[in-house]
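Given next are the chains, with one letter for each unit.
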Amino acid sequence: NVMYVPWATNYLAVNSWPVPEIVVEVWVGNNYTESGPGASWFGGGTNYQWGVNAFTNIRSAVTNLLFGGSVWLAPETFQITSQIVISNNVVVIGTQDVTTVTMASGGTNRCFYLGNESASLRGIVISNGYANGVEANGCGGGVYVERCPVSVDIPLLDGCRVVGCRADNEGGGVCIADTVSTFGAYIRNSTISGNMATNNGGGIACSNWLYLGYCTI
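In this text, all values refer to a predicted model and were calculated from it rather than measured experimentally.

Draft legend 1. Spatial organisation of the overall build of the protein. Tallying secondary structure elements over the protein gives 1 helix and 23 strands in all. A buried classification covers 48% of the 217 residues belonging to the protein. Total accessible area on the protein is roughly 10300 Å²; 49% of this is exposed by carbon and sulfur atoms.

Structure representation (structure tokens):
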């Protein structure tokens, strides 16, 4: 018997069972196609394999990193229709002030939900998110943080801009809901502006320690 492992590009068969190659880096670009590398941003080489480490949407890329890793976004605008949930140790990396993740017009979802203490967003413009609802559902129009990073070496946001987001409850731009972490959250080199919330924290609502470095709020 041979077990098919969709995320593996190569494997070593031992007793007819494969040992998968663990994918720890994936790339996302709007113009990537199954028949070729597509956008020149992918380098035009053969190391990018459709559905393994190259995707056209962020959600599929995050899901494919079963054991965590890095998602590299092309310097483009990515339009989403529902929140991207990061539940393992994944870092999503874009080109600062260029790579944009925006909720589609009329969308009623926040952009990112971070549920892992090693999850981080870097170099991304996050816009037009809407946390629609009551209590937690209405918090964090741009980013909702369930678990804070475990140390200062893992900033929650780094080189990001959160703009034009809103929340029916708290944290129009960002809501940090983790009350368990002994460290708190660290945001650096980021701008959070032009967001609004019905209740508290048009820019940021935080239930823990919050450290800001070189930020504009």
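Text resumes after the structure shown.
Draft legend 2. How the structure looks around the pairing of strand β8 (residues 90-93). The alternating pattern of β8 places Val90 and Val92 on one face and Val91 and Ile93 on the opposite face, and all of these are buried. Pairing analysis gives 4 bridges linking strand β5 (residues 69-73) to β8, with the strands arranged parallel. Following the sheet pairing, Ser70 is matched in β8 by Val91. Two strands pair when backbone bridges link them, and β8 and strand β11 (residues 120-122) are joined in this way by 3 bridges, in the parallel orientation. Pairing of Ile93 across the sheet is with Arg122, part of β11.

Draft legend 3. Representation of the sheet that holds strand β10 (residues 112-114) in the model. The strand order across the open sheet formed by 5 strands is β7-β10-β14-β18-β22, and the pairing between neighbours is parallel. In this open sheet, the two edge strands, each paired with only one partner strand, are β7 (84-86) and β22 (204-206). The average angle at which neighbouring strand axes cross in this sheet is 10°, direction not considered. With 3 bridges connecting them, β10 and strand β14 (residues 143-145) associate as parallel partners. Note on β14: the bridge partner recorded for Leu114 is Val145.

About the criteria used
Residues numbered from 1 in each chain as written. Predicted model: local features only at pLDDT ≥ 70, side-chain atom pairs only at ≥ 80, totals over all residues. Heavy atoms only, no water. Helix = DSSP H or I, 4+ residues; strand = E, 2+ residues; numbered from the N terminus. Buried < 20%, exposed > 50% of the residue type's maximum accessible area, 1.4 Å probe, protein only. Areas by Shrake-Rupley, 256 points an atom, 1.4 Å probe, with all protein chains shown as cover. Pairing = 2+ DSSP bridges. Axes fitted to C-alpha atoms, helices over the stretch in contact; angles between N-to-C directions.

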